[in-house]
Amino acid sequence: MTSTKTTALRPISRDELLAALRDLPPLPSVVLELVESLGHEELSATQYAAKISRDQALAAKTLRLANSSFYGRGRQVRSVAEAIGVLGLRTVRGVVTAAGLAGSFRRHAGFDHDAFWRHSIGSALCAQALAGELRRDDADLAFTVGLLHDIGRLALASAFAPAYAEVEQWRRDQDCPDGEAERAVLGIDHAEVGGLIARQWNFAPSIVDAIREHHAPPDAAVVTLTGIAHVADAIAHALGLAGDADEAVPTLVLPVWAACRLDDAACMRLFAHTEAQFETVCEALLH
């Protein structure tokens, strides 16, 4: 079989790719600090509030979510510290990371940014709920990998806009998954690119692996962070949260799904948790 890298329509060289990744917009410093802090609880809520308050745009979105009808407590939340009290620290960290990422990439014609972020937010909420169902203590990490799993798509669409428009056309014409269309046109897929970006941003190895392998997690008797990203991605697509008429559910790696051991009741709780918060979080972050 001929490698897709030798037959790609618009192959991207390694040098081109690395140069484009170096030119990606920097993430707000508070976002990098928050992702770095995941799994380390030495910072207090007060310290987090001080960090987030330094960035007016991120602070405003945090307050908007805290004052939304879903979370609102009947009185106006006026500070990030109060918002942390209403939403919880884990939710605020996830929200600020999402808002910082969404605000860092310019929009390009031909790429549906709203659908992209709606799917990413849905996957994050689903990953968070799945971690809870599995009684893991890293729901904040799960939220983050759910949010970031497709970041390579956004980077490719931003850095190689004309070529990525061909990817989108190929996907529609061939009715195939994003990764297959990317490899056919560009010779590389978004999962590989996402892993490179996560490494460039100095994210923890577990986050890098989860992003790079979310479409092909290694078989394991125990569910890993990569497996959570994989399952959450599929469920978010199945729920149709992106609002994309062409949305398709990616193939699940069955041993990974089986390792989750989710019965019908657990699945329904997971769906309900995701859908209950979804529109509220999207409204706060994307508008």
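Every value quoted in this text rests on a predicted model; they were computed, and no experiment measured them. (Residues numbered from 1 in each chain as written. Predicted model: local features only at pLDDT ≥ 70, side-chain atom pairs only at ≥ 80, totals over all residues. Heavy atoms only, no water.)

A look at the confidence of the model for the protein
Then, in step 1: Of the residues in the protein, 95% reach a pLDDT of 70 or more, and the chain-wide mean stands at 87.
Then, in step 2: The secondary structure element of the protein with the lowest average pLDDT is helix α1 (residues 4-7), at 50, and the one with the highest is helix α15 (residues 225-238), at 95.
Then, in step 3: In this model residues 1-6 is a low-confidence stretch, pLDDT under 50, and it forms six contacts with partners more than four residues away in sequence or in other chains. (pLDDT = per-residue confidence, 0-100. Helix = DSSP H or I, 4+ residues; strand = E, 2+ residues; numbered from the N terminus. Contact = heavy atoms within 4.5 Å.)

Here's the deal with the environment of Gly146
Then, in step 1: Here Gly146 shows up in helix α9 (residues 139-148).
Then, in step 2: For the pair formed by Gly146 and Pro250, sequence separation is 104 residues and the distance between their alpha carbons is 15 Å.
Then, in step 3: Setting aside anything within four residues of it in sequence, one finds Gly146 in contact with Ser120, Ser123, Ala124 and Ala127.

A few points about the nonpolar core
Then, in step 1: One finds Ile121, Leu186, Phe203 and Ile207 to be the most contacted residues of the largest nonpolar core, which totals 98 residues.
Then, in step 2: Per-element tally for this core: the top contributor is helix α8 (residues 113-133), with 10 residues.
Then, in step 3: Residues in contact with Ile121, not counting those within four places in the same chain, are Leu147, Phe278, Val281, Cys282, Leu285 and Leu286. (Core = buried A, V, L, I, M, F, W, Y, C linked by side-chain atoms within 4.5 Å. Buried < 20%, exposed > 50% of the residue type's maximum accessible area, 1.4 Å probe, protein only.)

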